[in-house]
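Fold and geometry: a report
Single-letter residue listing:
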Amino acid sequence: MSADKFSNPVVRWIDHRLPIFSFMDHELNEYPTPKNLNYFWNFGSLAGVSLVIMIVTGIVLAMSYTPHVDYAFQSVERIMRDVNHGWLLRYIHMNGASFFFIVVFIHIFRGLYYGSYKAPRELLWILGVLILLLMMATAFMGYVLPWGQMSFWGATVITNLFSAIPFIGDSIVTFLWGGFSVDNPTLNRFFALHYLMPFLIVGVVILHLVALHRFGSNNPIGIDPSGPQDTVPFHPYYTIKDFFGLSVFLTLFAAAIFFFPNFMGHPDNYIPANPMQTPAHIVPEWYFLPFYAILRAVPDKLGGVLAMFGAIAVLFILPWLDRSPIRSGNFRPIFKIFFWVFFADCIALGYLGGMPAEGIYVVLSRVATAWYFLHFLVILPLLSVIETPKPLPQSLSKSVLGGSAMAGAASAVKEKV
Amino acid sequence: MAKINTSKQEDTQVDGRRRDFIVVASYAMAGIGAAAVAWPLIDQMNPAADTLALASIEVDISKIDIGQSITVKWRGKPVFIRHRTEDEINIAQSVELSQLKDPQLDVDRVSNPKYLVMIGVCTHLGCVPLGQKTGEIKGEYDGWFCPCHGSHYDSSGRIRKGPAPVNLEIPPYTFETESLIKIG
Ligand code: HEM
Ligand code: FES
């Protein structure tokens, strides 16, 4: 990489000693990207922007927030009423968490459909699942900070999950609480960790990107680019597309912040925490509902906890469960059906997680939970053996331009729009 | 030549083994050192001395009418005290152990059968069960019902149905007088 690529002498001077500009040029400008990416490929950059939004608003919120059981609730109310623009900052942070999860869930389903977890991107996928786990931990602890009823009881129920561990469970829970119930030591440490974890996420995101740039993006056809004719430089093609996606995202985000800021929250969290009384119907934040449904579906304490963590763990080993060499669901007719059934199953779990644990909801939760695991542990391994995929196009260009005679091209073209 | 060579090889082998030992020993020492440094960092999260030193509380139970309950706070947790009715006591005492998920006789859960004293924290995931106030749902076994994930407890606080694994916990308590109990 020659330094005379840059005309500015200062840039050249720096780049010679610290090749940061070469690096950015390589990874963000000339970086060859498949030319057929559809809008589902916008969600990675959206996730990155969401993370930055969360960190920036979080740090300024922390300047007015007090992590003490007697003051936390009031300090958040003060942010809402008295701190300059505090209501805006808090609503951005609060809704930002929801939008972050929406974006990441779409990003994950994209990967599931287009087989982005398959070789050689297994580690890229695993790092992604790790980010999801860290995000869940961060959001869970953040939700405790306002110290409302849902904060308190959410913290109680989730930390108690660990009491299911045989023998050492209770000691672990006491260790997590720093006492005999969720109390001031718990709030203090959750604040410290809530501040820390987003920066751990930044670290893992960097690894995620390093792994991504090793082989480049997957694409809707799922075959590798065969040469420069199949790729375009990242800039300006995908920078512009990412910015367009970002403006749509920010429009929706702003609409939520200004018009429905509490739509995705729970009204009970505006009641100060009361350790003596559990709200009649406690639910976690919406993004945890599918996992919560799985937890409640199993009538055994340890079993429920294992199933809930298993629902994430199974994602880690997904690259070895789905052995089909075909990445994209476009060329896997049976997989495609099961993918959508699985998608519906996840939505159903989300709905059931928000319903009371009684009657028909319990039965349905069990069926949906069973299907969740069946999909990963039985259907995907089986499909990789019995399914006959459709013929793949010969190259990305051909599928994009549609001017070829191969059978697979027709459906591929439809998809790229 | 050949002979010298072998003896040299033996020398290096012996040296190699010595070196292995030194390497392993150094790693082990570094490991022990790292663990010793990590321990205070981890153990600080366990309950602090003042948290552990939580005092016991005394409760006057003379004002609880038959069929009524009160909730008091002990160690940051609710403690249920119920003045049970004759019916409740009879039912609690007549249950067959074989019907119980966590078999325990009612007499083993009370020191005076009239008063049931237990920690009001669901043994599933820690919610406070309903059934203390009149009008609240008491579950299918006329005791307490945890709304979080649907655990039903009977009039002895024993788990009868739902995901909770064990009966509601009994705190350490003594009757100081007929109407005064000390918890903790
Ligand atoms: C991965 C990024 C993050 C996520 C997903 C996240 C999530 C959350 C959530 C869900 C809440 C509760 C909002 C509410 O209901 O009021 C919250 C609150 C809070 N967060 Fe974060 N957060 C992130 C990053 C940060 C960072 C980097 C800081 C920096 C200190 C921070 C500071 C705070 C503070 C002070 C509160 C309490 C004020 C409030 O409730 O609005 N957050 N966070
Ligand atoms: S906490 Fe009571 S049933 Fe889950």
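Here's what I pulled together on the structure shown here. (Residues numbered from 1 in each chain as written. Chains lettered and ligands numbered in written order. Predicted model: local features only at pLDDT ≥ 70, side-chain atom pairs only at ≥ 80, totals over all residues. Heavy atoms only, no water.)

This part covers the environment of B:Gln68. Residues and elements named next belong to chain B. Secondary-structure assignment places Gln-68 in the loop between strand E1 (57–60) and strand E2 (69–74). With 108 residues separating them in the primary sequence, Gln-68 and Glu-176 have C-alpha atoms 21 Å apart. Residue contacts for Gln-68: discarding those within four places in its chain leaves Ile-81, Arg-82 and His-83. (Helix = DSSP H or I, 4+ residues; strand = E, 2+ residues; numbered from the N terminus. Contact = heavy atoms within 4.5 Å.)

Another aspect to go through is the state of the cysteines. Residues and elements named next belong to chain B. Within the structure shown, the criterion is met by one disulfide over all chains. Between the sulfur of Cys-127 and that of Cys-148 lies a disulfide, 2.0 Å long from S to S. Across the S-S bond linking Cys-127 and Cys-148, the dihedral sits near -95°, which makes this disulfide left-handed. Taken together, the positions of Cys-127 in the loop between strand E4 (115–119) and strand E5 (142–146) and Cys-148 in the loop between E5 and strand E6 (151–154) put the pair 21 residues apart, joining distant regions of the chain. With respect to burial, Cys-127 and Cys-148 carry one shared label: buried. (Disulfide = S-S within 2.5 Å. Buried < 20%, exposed > 50% of the residue type's maximum accessible area, 1.4 Å probe, protein only.)

In this section: the coordination of the iron atom of ligand 1. Residues and elements named next belong to chain A. Every protein donor of the iron atom of ligand 1 is accounted for by His-93 (NE2) and His-194 (NE2), and the metal-donor separations fall at 1.9 Å. Note that the iron atom of ligand 1 binds six donor atoms; their angles at the metal cover 87 to 179°, and the shape is octahedral. Placement of His-93 in helix H5 (residues 86–114) and of His-194 in helix H9 (residues 184–215) is noted, with a sequence separation of 101 residues between them. For the pair His-93 and His-194, a shared accessibility class is recorded, and that class is buried. (Donors = N, O, S within 2.8 Å, 3.2 Å for Na, K, Ca; no water. Tetrahedral: all angles 85-135°; square planar, octahedral: opposite > 155°, others 65-115°.)

All names here are of chain B. Mapped onto the secondary structure, Asn-167 falls in the loop between strand E7 (159–161) and strand E8 (173–177). Engagement of the side chain of Asn-167 in a polar contact is seen with the backbone oxygen of Asp-102, the distance being 2.9 Å. Among the polar contacts made by the side chain of Asn-167, one reaches the side chain of Gln-104 at a distance of 3.0 Å. Other than its neighbours up to four places away in sequence, Asn-167 contacts Asp-102, Gln-104, Arg-109, Thr-123, Gly-157, Arg-158 and Ile-159. (Polar contact = N/O pair within 3.5 Å; in protein donor to acceptor, adjacent residues only side chain to side chain.)

Residue and element names in this part refer to chain B. Read from one edge of the open sheet, three strands run E5-E6-E7, paired in antiparallel fashion. Here the strands that pair on one side only, and so sit at the sheet edges, are E5 and E7. The average angle at which neighbouring strand axes cross in this sheet is 35°, direction not considered. Summarising the sheet, E6 and E7 pair through two bridges and their orientation is antiparallel. Paired with His-152 across the bridge in E7 is Lys-161. (Pairing = 2+ DSSP bridges. Axes fitted to C-alpha atoms, helices over the stretch in contact; angles between N-to-C directions.)

Ranked by internal contacts, the top residues of the largest apolar core, which has 117 residues, are A:Leu112, A:Leu132, A:Tyr372 and A:Phe376. A per-element tally of this core places H5(A) first, with 14 residues. Here this core spans two domains, since at least three of its residues come from each of domain 1 (35–282) and domain 2 (286–387) of chain A. Those residues in contact with A:Tyr372, other than ones at most four positions away along the chain, are A:Ile294, A:Ala311, A:Val314, A:Phe342, A:Asp345, A:Cys346 and A:Leu349. If you look at the next biggest cluster of nonpolar residues, it comprises 14 residues, including B:Val117, B:Tyr173, B:Ile181 and B:Ile183. (Core = buried A, V, L, I, M, F, W, Y, C linked by side-chain atoms within 4.5 Å. Domains from an automatic or database assignment.)

Another point: the pattern of salt bridges. Counted by the stated rule, this structure contains 13 salt bridges over all chains. The closest approach of N and O atoms between B:Arg84 and B:Asp106, which form a salt bridge, is 2.9 Å. Here the residue B:Arg84 occupies a position in the loop between strand E3 (77–83) and helix H3 (86–94), and B:Asp106 occupies one in the loop between H3 and E4, the gap between them amounting to 22 residues. Pair check on accessibility: B:Arg84 and B:Asp106 agree, each one buried. One network of salt bridges, in which partners are shared, links A:Lys118, A:Asp322, A:Arg332 and A:Glu387. (Salt bridge = Lys/Arg side-chain N within 4 Å of Asp/Glu carboxyl O.)

Hydrogen bonding along the main chain pairs the strands of a sheet, whether they run parallel or antiparallel. Residues and elements named next belong to chain B. Read across the sheet, three strands follow the order E1-E9-E8 without closing on themselves; strand pairing throughout is antiparallel. Pairing within the sheet leaves two strands with one partner each, and these edge strands are E1 and E8. This sheet shows a mean twist of 30° between the axes of neighbouring strands, independent of strand direction. In this sheet, strand E9 (residues 180–183) lies alongside E1 in antiparallel orientation, the contact comprising four bridges. Pairing of Asp-60 across the sheet is with Leu-180, part of E9.

Further remarks concern the pairing of E5(B). All names here are of chain B. With four of its five residues buried, E5 lies for the most part within the structure. For E5 and E6, the ladder comprises four bridges, and the chain directions are antiparallel. Note on E6: the bridge partner recorded for Asp-142 is Asp-154. Where E5 hands over to E6, the hairpin turn is made up of four residues, of which Gly-150 adopts a positive phi near 75°.

Okay, the interface of chain B and chain A next. Taken together, the contact between chain B and chain A spans 29 residues of the former and 26 residues of the latter. Viewed at the interface, chain A and chain B are joined by zero salt bridges. Taken together, the elements giving at least two residues each to the side of chain B that touches chain A come down to helix H2 (49–52), E2 and E3 of chain B. Broken down by class, the residue content of the side of chain B that touches chain A amounts to 14 nonpolar, ten polar and five charged. (Nonpolar A, V, L, I, M, F, W, Y, C, P; charged D, E, K, R; others polar.)

All names here are of chain A. Taken together, 25 residues sit near ligand 1, with Arg-90, His-93, Pro-146, His-194 and Tyr-195 positioned nearest. Measuring from an oxygen atom of ligand 1, one finds a side-chain N or O atom of Arg-90 at 2.7 Å. One of the side-chain N or O atoms of His-93 is found 2.8 Å from a nitrogen atom in ligand 1. Of all elements in the fold, only helix H3 (43–62), H5, helix H6 (122–144) and H9 reach the threshold of two or more residues within the shell around ligand 1. Element by element, the count of residues in the shell around ligand 1 is highest for H3, at seven residues. Looking at side-chain class alone, the shell around ligand 1 contains 19 nonpolar, five polar and one charged residues. (Near = heavy atom within 4 Å.)

Before going further, it helps to examine helix H7 (residues 149–160) of chain A. Residue and element names in this part refer to chain A. Over its twelve residues, H7 runs 16 Å from end to end, which matches the ideal 16 Å to within 8%, given 1.5 Å per residue. In terms of residue burial, H7 counts as a mostly covered element, since ten of its twelve residues are buried. Considered for burial, the residues of H7 that qualify are Gln-149, Met-150, Ser-151, Phe-152, Trp-153, Ala-155, Thr-156, Val-157, Thr-159 and Asn-160. (Expected span 1.5 Å × (residues − 1).)

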